[in-house]
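Chain residues, written in single-letter form:
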Amino acid sequence: QYLNKITAPLVSRLIPVSDNGAFVLLSGFLFGFPIGSKNCAALLASGKITRREADVLFIITNNISPVFVTSFILYTQLGLSHLSAVTLLQKQPASGSQMNFKIIDTGIMDGFETLTRLGGYIMLFSMIASLLQKLPVPRVVTLILTGMVEITNGIAMLPDSGLPQSVQYVLAVVYTAFGGLSGIAQTSSMIRDTPLSIKHYCIAKLLLAACCGLLACLVSQIFHL
C-alpha cells in the first residue's frame, strides 16, 4: 500500500489498472514468474482486485524476469547483450499494531513454502529435460522439446547446437515467452485455490510465444544476426 501511493498514479495513466493491480503489474514485470501469479492470486483471494482484472493480470505479468533475460540468456549464453533493450520490449493498509513479528513470521514461512514447491517443480522438469536428451531423435527436435519443457536447460543447449545465431536468438525468445511446462506447473501451484484458469493461461502463453517468435525473426533481420 505504501508503494501504491507512489507508483499507482503513474502506472494507471499508462495502463488501465486499479491501484492494487498496479502493484501486481510492477512486481510481476520486475521479479518474474511466479511472483505475478502469486500476488494476483493473493489479492484476488482478499478481494483487493476483481476477477476480471485478475484474469488479465495473472497472464500478462507472469513472465521471465528482465535480469534473467539480459544476464543469463543474452549475455552469458548467446553473447547478444546489445539486444537487451529491444528484447525486453517484446514484457487495505495495515495498521501499526499489525506490523509485528507475527506478520514477519508468516511471511518467512510463506516464502519457504513457495520456494520449496517451486524448487521441486524445477528439479522434476530438469530431470524430464535430461531424459529428453536421450531420445533417439534428431538433435534439433531434442533442443526444441527441452526448451519447451524447461527453459533454462533448453537455452543452455543453444550455444553448442550448431544452429545459426539468428535461429538461436529466435528459439531463446520463444522459450522465454512461453515459459516452459515447468513454468506452467509452477504457475498452476500458485493459483490452485483461486478460480483463475490455467487453460486460458496456456493458450495465452502459446499465442504470446508465436507473436514473440515473429518479432524475434524481425529483430534478427534488422540486426543482421
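The structure under discussion appears in the preceding block.
So, here's what we can say about the structure. (Residues numbered from 1 in each chain as written. Predicted model: local features only at pLDDT ≥ 70, side-chain atom pairs only at ≥ 80, totals over all residues. Heavy atoms only, no water.)

### Some points on the overall build of the chain
Here is the rule we go by: Segments assigned H or I by DSSP are reported as helices when at least four residues long, segments assigned E as strands when at least two residues long, and all are numbered from the N terminus. Between buried and exposed lies partly exposed: a residue is buried under 20% and exposed over 50% of the maximum accessible area for its type, with that area taken using a 1.4 Å probe on protein chains only. Here the open area of atoms and residues is found with the Shrake-Rupley method and a 1.4 Å probe, where only the protein chains shown may cover a residue.
The number of helices and strands found in the chain is 12 helices and 0 strands. Secondary structure elements in the chain, listed N-terminal to C-terminal, are α-α-α-α-α-α-α-α-α-α-α-α. For the chain, the residues scored as buried account for 41% of the 225 residues in total. With the model as given, the accessible surface of the chain reaches about 12,400 Å², and the carbon-plus-sulfur share is 69%.

### Considering the nonpolar core
Our working rule: Joining through side-chain atoms within 4.5 Å is the link that ties buried Ala, Val, Leu, Ile, Met, Phe, Trp, Tyr and Cys residues into a set, and such a set is a nonpolar core. Contacts were defined at the residue level, with two residues in contact if any of their heavy atoms lie within 4.5 Å.
Formed by 46 residues in total, the largest nonpolar core has its most connected members in I73, L158 and Y169. Residue assignment for this core shows that the elements contributing at least two residues are α1 (2-14), α2 (19-31), α3 (35-45), α4 (51-60), α5 (66-77), α9 (151-157), α10 (165-178) and α12 (198-222). Examining the composition of this core, we find that 9 residues originate from one element, α10, more than from any other. Excluding its chain neighbours within four sequence positions, the residues that come into contact with L158 are L78, L143, Q168, L171, A172 and Y175.

### What to know about the side chain of T176
Definition in use: N or O atoms within 3.5 Å of each other form a polar contact, as long as, within protein, one can give a hydrogen and the other can take it, and as long as residues adjacent in sequence are counted only when both atoms are side-chain atoms.
Considering the arrangement of structural elements, one finds T176 in helix α10. For T176, the side chain forms a polar contact with the main-chain oxygen of A172, separated by 2.7 Å. Residues within four places of T176 in sequence aside, it is in contact with I64, V69, I73 and I155.

### What to know about the pattern of salt bridges
Inclusion rule: In what follows, salt bridge is the name for a side-chain nitrogen of Lys or Arg lying within 4 Å of a carboxyl oxygen of Asp or Glu.
For the structure shown, the criterion picks out 1 salt bridge. In this structure, D55 and R51 form a salt bridge, with 3.1 Å as the shortest nitrogen-oxygen distance. One end of the pair, D55, and the other, R51, are both in helix α4, 4 residues apart, so they sit about a helical turn from each other.

### Let's talk about the environment of A172
For A172, the location among the structural elements is in helix α10. Overall, the relative accessible area of 2% leaves A172 in the buried class. Linking A172 and I151, residues 21 residues apart in sequence, is a C-alpha distance of 8.2 Å.

### Topic: the side chain of N63
Tracing the backbone through its elements, the reader meets N63 in the loop between α4 and α5. Of the residues examined, N63 reaches a relative accessible area of 9% and is grouped as buried. Within the structure, the side chain of N63 is placed 2.8 Å from the side chain of K205, a separation counted as a polar contact.

### Side note on the packing of aromatic side chains
Put simply, the rule reads: Here is the rule: rings of Phe, Tyr and Trp (six-membered ring for Trp) pair when centre to centre is within 6.5 Å. Planes less than 30 degrees apart are stacked, more than 60 are edge-to-face, and the remainder are tilted.
By the definition in use, this model includes 2 aromatic pairs. A ring pair is formed by F58 and Y201, whose centres lie 5.3 Å apart and whose planes are at 25 degrees; its orientation type is stacked. Where F68 meets F72, the ring centres are 5.0 Å apart and the plane angle is 35 degrees; that geometry is what we call tilted. Within this pair, F68 and its partner F72 are both found in helix α5, separated by 4 residues, close to a single helical turn. The class of F68 is partly exposed, set by a relative accessible area of 23%.

### Some remarks on the environment of I15
For I15, the position within the fold is in the loop between α1 and α2. Each C-alpha atom of the pair I15 and L25 lies 9.5 Å from the other, and the pair is 10 residues apart in sequence.

### Here we look at a nonpolar patch on the surface
The criterion, for reference: Patches were defined on residues exceeding 30% relative accessible area and lacking a salt bridge, with like-charge contacts within 9 Å and nonpolar side-chain contacts (Val, Leu, Ile, Met, Phe, Trp, Tyr) within 5 Å.
On the surface, a nonpolar cluster with roughly 410 Å² of combined accessible area is contributed by L135, V137, V140, V141, I144 and L145. Structurally, the position occupied by I144 is in helix α8 (residues 139-149).

### Some thoughts on the environment of A41
Among the structural elements, A41 can be located in helix α3. Distance in space between the C-alpha atoms of A41 and V24 is 9.7 Å, their sequence separation being 17 residues. The contact partners of A41, leaving out residues within four places of it in the chain, are M190, I191 and T194.

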